[in-house]
Amino acid sequence: MMNAQIERYVALHRSFGRKFDAQERWLRLFASYANDLGDRHIKVERIYDWCRSASSQNVARDRFDHLRRFCLYAHAEDQQHQVPPAGVFGRGKRRRPTPHIIEPEQLRAIMQAALDLPPKGKISPHTYHYLFGLLATTGVRISEALALQCNDVVDDGLVIRNGKFGKQRLLPIQPSTREALDTYLSIRRRLNARGDDLFVTTRGRAPHQTVVHIVFVRLARKLGFRGPTGTKGIRVHDLRHTFAVRSLESCQHDREAIRHHLAALSTYLGHTDVANTYWYLEATPVLLRDIAAAGEQLFRGDAA
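All of these numbers come straight from a predicted model, not from anything done at the bench. (Residues numbered from 1 in each chain as written. Predicted model: local features only at pLDDT ≥ 70, side-chain atom pairs only at ≥ 80, totals over all residues. Heavy atoms only, no water.)

**Quick word on the overall build of the protein chain**
Line of reasoning, step 1. The secondary structure content of the protein chain amounts to 13 helices and three strands.
Line of reasoning, step 2. Put simply, the protein chain has 304 residues, and 43% of those count as buried.
Line of reasoning, step 3. Accessible surface for the protein chain amounts to roughly 17100 Å². Of this, 52% is attributable to carbon and sulfur atoms. (Helix = DSSP H or I, 4+ residues; strand = E, 2+ residues; numbered from the N terminus. Buried < 20%, exposed > 50% of the residue type's maximum accessible area, 1.4 Å probe, protein only. Areas by Shrake-Rupley, 256 points an atom, 1.4 Å probe, with all protein chains shown as cover.)

**Details of the sheet that holds strand β3 (residues 169-171)**
Line of reasoning, step 1. Reading across the sheet, the three strands line up as β1-β2-β3 and stay open at both edges, with antiparallel pairing between neighbours. Single-partner strands in this sheet number two, and they are β1 (153-154) and β3. (Pairing = 2+ DSSP bridges.)

**As for the packing of helix α1 (residues 2-14) against helix α4 (residues 57-77)**
Line of reasoning, step 1. Where α1 contacts α4, the axes come no closer than 11 Å and their chain directions differ by 110 degrees. Here α4 runs roughly perpendicular to α1, going by the angle between their axes. In this structure, α1 meets α4 at a crossing whose hand is right-handed. Judged by residue contacts, Met 2, Gln 5, Ile 6, Arg 8, Tyr 9 and Leu 12 of α1 engage Arg 69, Phe 70, Tyr 73, Ala 74 and Glu 77 from α4.
Line of reasoning, step 2. Each residue belonging to the contact of α1 with α4 can be placed in one class, and the counts come to seven nonpolar, one polar and three charged. (Axes fitted to C-alpha atoms, helices over the stretch in contact; angles between N-to-C directions. Parallel < 35°, antiparallel > 145°, perpendicular 65-115°, else oblique. Left-handed = near helix turned anticlockwise from the far one by under 90°. Contact = heavy atoms within 4.5 Å. Nonpolar A, V, L, I, M, F, W, Y, C, P; charged D, E, K, R; others polar.)

**Thoughts on the nonpolar core**
Line of reasoning, step 1. Core analysis: the biggest nonpolar cluster contains 41 residues, and Phe 132, Leu 135, Leu 158, Phe 199 and Leu 239 have the highest contact counts within it.
Line of reasoning, step 2. Counting only elements with at least two residues in this core, the list comes to α5 (104-114), α6 (123-138), α7 (142-147), β2 (157-160), α8 (175-190) and α9 (209-222).
Line of reasoning, step 3. At eight residues, the largest contribution of residues to this core is made by α6.
Line of reasoning, step 4. Ignoring any residue separated from it by four or fewer positions in sequence, one finds Phe 199 in contact with Thr 127, Tyr 130, Leu 131, Leu 134, Ala 145, Leu 148, Leu 181, Tyr 184, Arg 205, Ala 206 and Pro 207. (Core = buried A, V, L, I, M, F, W, Y, C linked by side-chain atoms within 4.5 Å.)

**Section: the packing of aromatic side chains**
Line of reasoning, step 1. On inspection of all chains with the given rule, the structure shows 14 aromatic pairs.
Line of reasoning, step 2. Geometrically, the ring pair formed by Trp 26 and Trp 50 is edge-to-face, given 6.0 Å between the ring centres and 80 degrees between the ring planes. Placement of the pair is Trp 26 in helix α2 (residues 21-36) and Trp 50 in helix α3 (residues 44-52), with a sequence separation of 24 residues. There is no split in this pair, since Trp 26 and Trp 50 are both buried.
Line of reasoning, step 3. Three or more aromatic residues joined by ring pairs form one cluster here, namely Tyr 9, Phe 20, Phe 70 and Tyr 73.
Line of reasoning, step 4. Stacked on the ring of Trp 26, the Lys or Arg Arg 25 has its end atom at 5.0 Å from the ring centre.
Line of reasoning, step 5. Its guanidinium or amino end placed over the ring of Trp 50, Arg 63 lies 4.2 Å from that ring's centre, counting from NZ or CZ. (Phe/Tyr/Trp six-rings, centres within 6.5 Å; stacked < 30°, edge-to-face > 60°. Lys NZ or Arg CZ within 6 Å of the ring centre and 35° of its normal.)

**Observations regarding the side chain of Asp 39**
Line of reasoning, step 1. Mapped onto the fold, Asp 39 is located in the loop between α2 and α3.
Line of reasoning, step 2. A relative accessible area of 5% places Asp 39 in the buried class.
Line of reasoning, step 3. Separated by 2.6 Å, the side chains of Asp 39 and Arg 46 make a polar contact.
Line of reasoning, step 4. The contact partners of Asp 39, leaving out residues within four places of it in the chain, are Met 2, Ala 34 and Arg 46. (Polar contact = N/O pair within 3.5 Å; in protein donor to acceptor, adjacent residues only side chain to side chain.)

**Focus on the pattern of salt bridges**
Line of reasoning, step 1. For the coordinates displayed, the defined rule picks out 13 salt bridges.
Line of reasoning, step 2. Linking Asp 21 and Arg 14 is a salt bridge whose minimum nitrogen-to-oxygen distance equals 2.9 Å.
Line of reasoning, step 3. Judged by relative accessible area, Arg 14 falls into the partly exposed class, the value being 34%.
Line of reasoning, step 4. Among the salt bridges present, the one from Asp 116 reaches Lys 120, with a minimum N-O distance of 3.3 Å. (Salt bridge = Lys/Arg side-chain N within 4 Å of Asp/Glu carboxyl O.)

The structure is reproduced here in structure tokens:
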């Protein structure tokens, strides 16, 4: 019974354009756990036991939050399904981590180090070199970059087909970025690297997202840009942060120009809500000083 409801619940969310893969995985794992214990309906105590078995408090909270939302749906169909109270394993979203701004010389060093990755004479080192470069110069999500196909490189830029909530957009790129991509495609042909994905390894497919994260962190540690295992530091996602912050810093420093620039940047980055773009102001010291000055003027009563 639970599995049938999960299928309907997942189908409902996907009809809104959501991938819902992680949520479905959690729900099916719980259903398997409950079914093995003979449950035909959701029991609150069973949810607690399953969430307590999580590897960390954050994982337990994620499990619980996914399950409770499903419980509300299931209870509306069949009131024998129980619904636990909210916040049992903690409330609210975790604060977004402060972005690390990657300096140009750090990026150049990481890209150069990528060319020394094994296997020598194969496509993989070039793939990481140009992939990191594209992430830095366009600010695309790593998932979007890895989903690019060769035919997504068009005269007007890049066709992003794997955006958030399944949205598609055309991403204009600088001539230098297009030239770099053309160079990478030329290297692919020379090395006879096949596959429809734009960025490929020796297996002819795009590297897995987790592998890209691992490669970036290892290179950053090797170069001294990040501390040992267990310490925080620059991540591959910080290439996107850095692009957004540098873009904001480069715009004209008056409130109206910043407002228009934020709207354009939000569209370019593929944000579903401009509020997600305003968050980057936290990591933009140049603009924060202007915001602080404007706030002081307003407090004094002499703001324009």
